[in-house]
Structure formats: C-alpha cells, structure tokens
Amino acid sequence: MSLSTVKFNQIEEELNDAIEWLTSLGVVPNRGRFGLYNKTLQKLFRSHKEDRNQGYSDFPKMANAIYEVFDLIEIHKGLSDISQDEISKLANFYQKGVEEYTKENPDKSGNMPRNTAFELLISSKLHVSNIDIDLTSISDTSGQFENNHLLVECKRLQSENNIQRNIKDAKSQLKKKIFNPVKSRTCGVIALDFTKLLNPDFGLLVKNNEEEAQEWLNSATDHFIKEYQKYWTKSLGRNILGVLTYFSLLAVIEDKRLLTHCKQYAFCHASDLTPRWKDVSWRFSQKLGATSKEVLVD
C-alpha cells in the first residue's frame, strides 16, 4: 500500500469544489447531511489553522465527516464531467439519509442514500477507468466495455443474514435484463460493498505501518471471498463475469501519525464462464485496476 498524504488545505479545497458541484446539480447541501459534515470539517480546518484543539473535541463526529466527505470527493472527481441530466436526481437523493454511518437502519429507507452512494462510487470507478457509463440505464449502472454492453447491480451488505438474498437478487436482476430479450454482447457484474459487514461499529483500524495495514486489507478481502463465495460461484451463468468486492474504512498508521481513508477493490472471476467471457472478465478486472481473485478454496 502506498499512502498519499493529503494536507488540510487540499481537503478543504476539494470539499468546496464538491459542494459547488452538488449546488450546480440543483442540490442544496445545507439541507442535507453534507451541510453538517461541511460545518464539522470547517470547524476542524479553522482549529488547525489557528493551532488550537477545539476542532478535535468531538472525534467520532469528525471521523464520520471525514469518511463521508472522502467518498463525496471521489464521486465528484469521477463523475463531474457526466451530463447533469443523468446525475442530478441521483445526487439529490444521495445527500439525504441519517447523518451518522452507525445510525443506519437496514429495515428502513434511511440507508437508501448510502446505497446510492455506492452505486455512484462504482460508476466513478468505471468512468475513471475509461469505461463509458450510463446512469440512466435499467441497472444500477451500466457501461460499454470493449464491444460489450456491461450491466452492474450494486448491493451493500448490512449483515450476514442478508448476504445470500442480496447476491441471489442481484443475479436474478442481471439475468432478467441480459436474457429478456436475449442480447449476445451483454454481460453483467455483481458489485458488493461489505464495509458495514466488516465494520458495523465504525471503528478505526490501527496498525504500526503501511505494510501491516495492507496485509490486513488483503486478509479482510480474502476472508470475505472465502467465506461467502459459495453463494455465487456455482450458478452465476455464462454472461455474468464475476463479483466486484469493495470495502472502505478509516485507519491510523502509527509510525507516520496519519489518519487515512483506506479502500480496496477486488474482482472474483466467475467459475463457469465460457472461454470468450473468461477473457473479457480478466481484461475487465485489469482495466479496473482491481485485484484479481480466482475462486478461493480451503
């Protein structure tokens, strides 16, 4: 893992740019949770400039704001050149929802804005990887990869109890869209965010150095795939390329005294692909820059 240090003034500038972008999309940030995050971080920025510690007095709220804002900044960087007509409705919904990550209730609609955030993150990842995307499609996001139409269904996993159902739903949704009517050059990907599953209490990962942090991130991904691949390896179908896994968290790297936002993508290739689609699957993961995983076995 290679850490890129971001100074306070850079975060402040990128946050302001993202807020201006939201405003241009018809969003009124002060009415949603981003207004609260902005106020929290502005207090932190002022305290840092004045060399005072008042901004650090409510660390859990500050950490939550930093975490959410890094996602917003990534989405802005990846999608700022997308047509406003395509993204304005999604952006307005994205800013809603409960303020704190830990207060999401999976049984209520309050978690839907962060589901939208994950869809936007995946769209951003595709777009910065030079894959043409379409945010108005029948899937959570879609794109054009090589000469193939790509459909992506995104699921945020809230607990172990809903993993199998979410994967089954995503697979069913993709198959229906691919085969009714049949489109020979259409393929699908299931994107799974297991952040909440991995870190339900929004705890900080504390490691001595970058190497230990990277080892932990890799181990977390391998463990997730090994534990739950049974739900997707046997019958994804010949046109579903595989499963894109994602998680993110805040970590403290002690030897550098850094608070860092960590995220990791990995692509687990389906086991029953035809040779043609298997080649497409490997090229897709390489294009995305995601770690490629074969099916893991004990």
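Structural data are supplied above this passage.
What counts and what doesn't
- Residues numbered from 1 in each chain as written.
- Predicted model: local features only at pLDDT ≥ 70, side-chain atom pairs only at ≥ 80, totals over all residues.
- Heavy atoms only, no water.
- Buried < 20%, exposed > 50% of the residue type's maximum accessible area, 1.4 Å probe, protein only.
- Helix = DSSP H or I, 4+ residues; strand = E, 2+ residues; numbered from the N terminus.
- Pairing = 2+ DSSP bridges.
- Right-handed = clockwise from strand over helix to strand, strands pointing away.
- Salt bridge = Lys/Arg side-chain N within 4 Å of Asp/Glu carboxyl O.

1. Let's talk about the pairing of strand 6 (residues 240-253)
1) Next: Within strand 6, 13 of the 14 residues are buried, which leaves it mostly tucked inside the rest of the structure.
2) Next: Pairing of strand 4 (residues 186-193) with strand 6, which is carried by 6 bridges, proceeds in the parallel orientation. Paired with glycine 188 across the two strands is isoleucine 240, which belongs to strand 6.
3) Next: Pairing analysis gives 3 bridges linking strand 5 (residues 205-207) to strand 6, with the strands arranged parallel. Along strand 6, the bridge assignment pairs lysine 207 with isoleucine 253.
4) Next: Handedness of the strand 5-helix 8 (residues 210-228)-strand 6 crossover: right-handed.
5) Next: For strand 6 and strand 7 (residues 258-269), the ladder comprises 12 bridges, and the chain directions are antiparallel.

2. Comments concerning the pattern of salt bridges
1) Next: Applying the stated criterion across every chain, the model contains 12 salt bridges.
2) Next: The partner of glutamate 104 in a salt bridge is arginine 156, and the shortest N-O contact between them spans 2.9 Å. Placement of glutamate 104 in the loop between helix 4 (84-94) and helix 5 (112-128) and of arginine 156 in strand 3 (residues 148-156) is noted, with a sequence separation of 52 residues between them. Grouping residues by exposure puts glutamate 104 and arginine 156 together as buried.
3) Next: For lysine 177, the salt bridge identified is with glutamate 153, shortest N-O distance 2.5 Å. A residue pair is termed long-range when its members are at least 10 positions apart, and lysine 177 in helix 6 (residues 163-179) and glutamate 153 in strand 3 qualify at 24 residues.
4) Next: For lysine 177, a relative accessible area of 19% translates into the label buried.
5) Next: In the salt-bridge network here, residues are joined through shared partners; they are Glu104, Arg156, Asp193 and Lys196.

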